[in-house]
Amino acid sequence: MPRLGVNIDHVATVREARKTNEPDPVWAATLAELGGADGITLHLREDRRHIQDRDVRILIETVAVPTNLELAAAADVLAIACDRRPTQATLVPERREEVTTEGGLDVAGHTDKVTAAVQQLQSAGIAVSLFLDPDPRQLEAGIATGAEAIELHTGAYAHAAANGKAVDQLTELNRAAKQIRAAGTTLNAGHGLTYRNVRPVAEIEGMHELNIGHSIIARAMMVGLEQAVRDMKRLME
Ligand code: PXP
């Protein structure tokens, strides 16, 4: 069974909607760990729209499971990663106008920049993963950087699965997984995975880790809402 990395960014998104101190993503990370998360994933975006520098610092100091910090190959966030030293850093593309990480990193088009970022992180003792589309050319370039892992972007698969047409995308993911395994690189995957579509991806041979955020946080809100209302009513009585 693959490891489950729980992405807690959405907890910080709710907090930032009011610029207050709740809900705390560090607290959420601890609860995820109690629930059996094998790792905690968080994305320090350049615009700091959800996770803040303080979250990275306290979370890495607090949780006992491995941490996976997603970041762009940009000097300021690379410096923070090297200073805070998560277990793993995942290099992702970043555009300010996007809602979430919409495509994989263009490592084939920016080989020197990405390789330099991989080496900078590795020299700080951090394992590196690259978030890539299941595109043979990108995978080849990604493997050549010497990164320890590649996380396959499952967004296209998730989109197809929602329309009942996942077969072609699953074939793509399996082919990409084979290419990654053959290179001896660790195979991870994530993005858009849900309670409905996770199974075929979890079954891919050699799958080491799945990073899942939106679907888990969405479910947590739903299964916790009844109790939260009851608690408020009790206080009001
Ligand atoms: N993996 C990476 C690299 C991501 O950027 C994200 C989204 O932040 C995820 C996994 C999790 O995606 P989702 O929230 O759709 O489960």
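Criteria and cut-off values
Residues numbered from 1 in each chain as written. Predicted model: local features only at pLDDT ≥ 70, side-chain atom pairs only at ≥ 80, totals over all residues. Heavy atoms only, no water. Helix = DSSP H or I, 4+ residues; strand = E, 2+ residues; numbered from the N terminus. Rg over C-alpha atoms; globule rule 2.2 N^0.38 Å. Buried < 20%, exposed > 50% of the residue type's maximum accessible area, 1.4 Å probe, protein only. Contact = heavy atoms within 4.5 Å. Areas by Shrake-Rupley, 256 points an atom, 1.4 Å probe, with all protein chains shown as cover. Lys, Arg positive; Asp, Glu negative; His and termini not counted. Charge placed at Lys NZ, Arg CZ, Asp CG, Glu CD. Core = buried A, V, L, I, M, F, W, Y, C linked by side-chain atoms within 4.5 Å. Near = heavy atom within 4 Å. Polar contact = N/O pair within 3.5 Å; in protein donor to acceptor, adjacent residues only side chain to side chain. Nonpolar A, V, L, I, M, F, W, Y, C, P; charged D, E, K, R; others polar. Axes fitted to C-alpha atoms, helices over the stretch in contact; angles between N-to-C directions. Parallel < 35°, antiparallel > 145°, perpendicular 65-115°, else oblique. Left-handed = near helix turned anticlockwise from the far one by under 90°. Pairing = 2+ DSSP bridges. Phe/Tyr/Trp six-rings, centres within 6.5 Å; stacked < 30°, edge-to-face > 60°. Lys NZ or Arg CZ within 6 Å of the ring centre and 35° of its normal.

## Topic: the overall build of the protein
Phase 1: When helices and strands are counted, the protein shows 10 helices and 8 strands.
Phase 2: Radius of gyration (C-alpha) of the protein: 18 Å, near the 18 Å computed for a compact globule of 237 residues.
Phase 3: Counting across all 237 residues of the protein, residues that qualify as buried make up 46%.
Phase 4: Put simply, 64% of the contacts in the protein that link residues at least 6 apart link residues at least 24 apart.
Phase 5: In the form shown here, the protein has an accessible surface area of approximately 12,300 Å², with 54% of it arising from carbon and sulfur atoms.
Phase 6: Across the protein, 25 positive and 33 negative side-chain charges occur, with their mean positions spaced 4 Å apart.

## Observations regarding the nonpolar core
Soluble, globular proteins show a tendency: their nonpolar side chains are buried together.
Phase 1: Counting residues in each nonpolar core, the largest one holds 62 residues, and the members touching the most others are Ile40, Leu91, Leu121, Leu130 and Val201.
Phase 2: The element that contributes the greatest number of residues to this core is helix H4 (residues 75-84), accounting for 5 residues.
Phase 3: Apart from the residues lying within four places of it in its own chain, the contact partners of Leu121 are Leu78, Ala81, Cys82, Ala89, Leu91, Ile126 and Val128.

## What about the site of the ligand?
Phase 1: Around the ligand lies a shell of 13 residues, among which Glu70, Glu151, Gly192, Gly213 and His214 are the nearest.
Phase 2: One of the backbone nitrogen or oxygen atoms of Gly213 is found 2.7 Å away from an oxygen atom of the ligand.
Phase 3: Here the ligand has 400 Å² of accessible area as a free molecule, and 93% of this is covered by the chains.
Phase 4: Class assignment of the residues belonging to the shell around the ligand gives a composition of 3 nonpolar, 8 polar and 2 charged.

## Points about the packing of helix H7 (residues 155-162) against helix H8 (residues 167-182)
Phase 1: Two numbers describe how H7 lies on H8: the axes approach to 8 Å, and their chain directions differ by 155°. Comparing the axis directions of H7 and H8 gives the class roughly antiparallel. The two elements H7 and H8 meet at a crossing, and its hand is left-handed. Of H8, the residues touching H7 (which contributes Ala156, Tyr157 and Ala160) are Gln169, Leu170 and Leu173.
Phase 2: Looking at the contact of H7 with H8 residue by residue, the class counts come to 5 nonpolar, 1 polar and no charged.

## What to know about the sheet that holds strand S2 (residues 39-43)
Phase 1: If you trace the 8 strands once around the closed barrel, you get S1-S2-S3-S4-S5-S6-S7-S8, paired in parallel fashion. Across the sheet, the mean angle from the axis of one strand to that of its neighbour is 25°, orientation sign disregarded.
Phase 2: As paired elements, strand S1 (residues 3-7) and strand S8 (residues 207-212) share 4 bridges and run parallel to each other. Counterpart to Leu4 in the pairing with S8 is Leu210.

## What about the packing of aromatic side chains?
Phase 1: Inspection of the entire model under this criterion finds 0 aromatic pairs.
Phase 2: Lying over the aromatic face of Tyr195, Arg219 brings its terminal NZ or CZ to 3.7 Å of the ring centre.

## Comments concerning the side chain of Asn7
Phase 1: As for its position among the elements, Asn7 is in strand S1.
Phase 2: Under the relative-accessibility criterion, Asn7 is labelled buried at 13%.
Phase 3: Within polar-contact distance, the side chain of Asn7 engages the backbone nitrogen of Asp9 at 2.8 Å.
Phase 4: Beyond its immediate chain neighbours, meaning those up to four positions away, Asn7 contacts Thr41, Glu70, Ile212, Gly213 and Ile217.

## Describing the pairing of S2
Phase 1: The buried fraction of S2 amounts to 5 of the 5 residues, a majority that puts the element mostly inside the structure.
Phase 2: Every second residue of S2 is oriented toward a common face, with Gly39, Thr41 and His43 on one face and Ile40 and Leu42 on the other, all of them buried.
Phase 3: In this sheet, S2 lies alongside S1 in parallel orientation, the contact comprising 3 bridges. Counted as the bridge partner of Gly5 is Gly39 from S2.
Phase 4: The sheet contact formed by S2 and strand S3 (residues 67-71) spans 4 bridges and is parallel.

## Brief notes about the packing of helix H6 (residues 136-144) against H8
Phase 1: Contact geometry of H6 with H8 gives a least axis separation of 10 Å together with a crossing angle of 20°. In terms of axis orientation, H6 runs roughly parallel to H8. In the crossing of H6 with H8, the sense of the turn from one axis to the other is right-handed. Along the contact surface, H6 presents Pro136, Leu139, Glu140 and Ile143, while H8 presents Arg175, Ala176, Gln179 and Ile180.
Phase 2: Classifying every residue of the contact of H6 with H8 by side-chain character gives 5 nonpolar, 1 polar and 2 charged.

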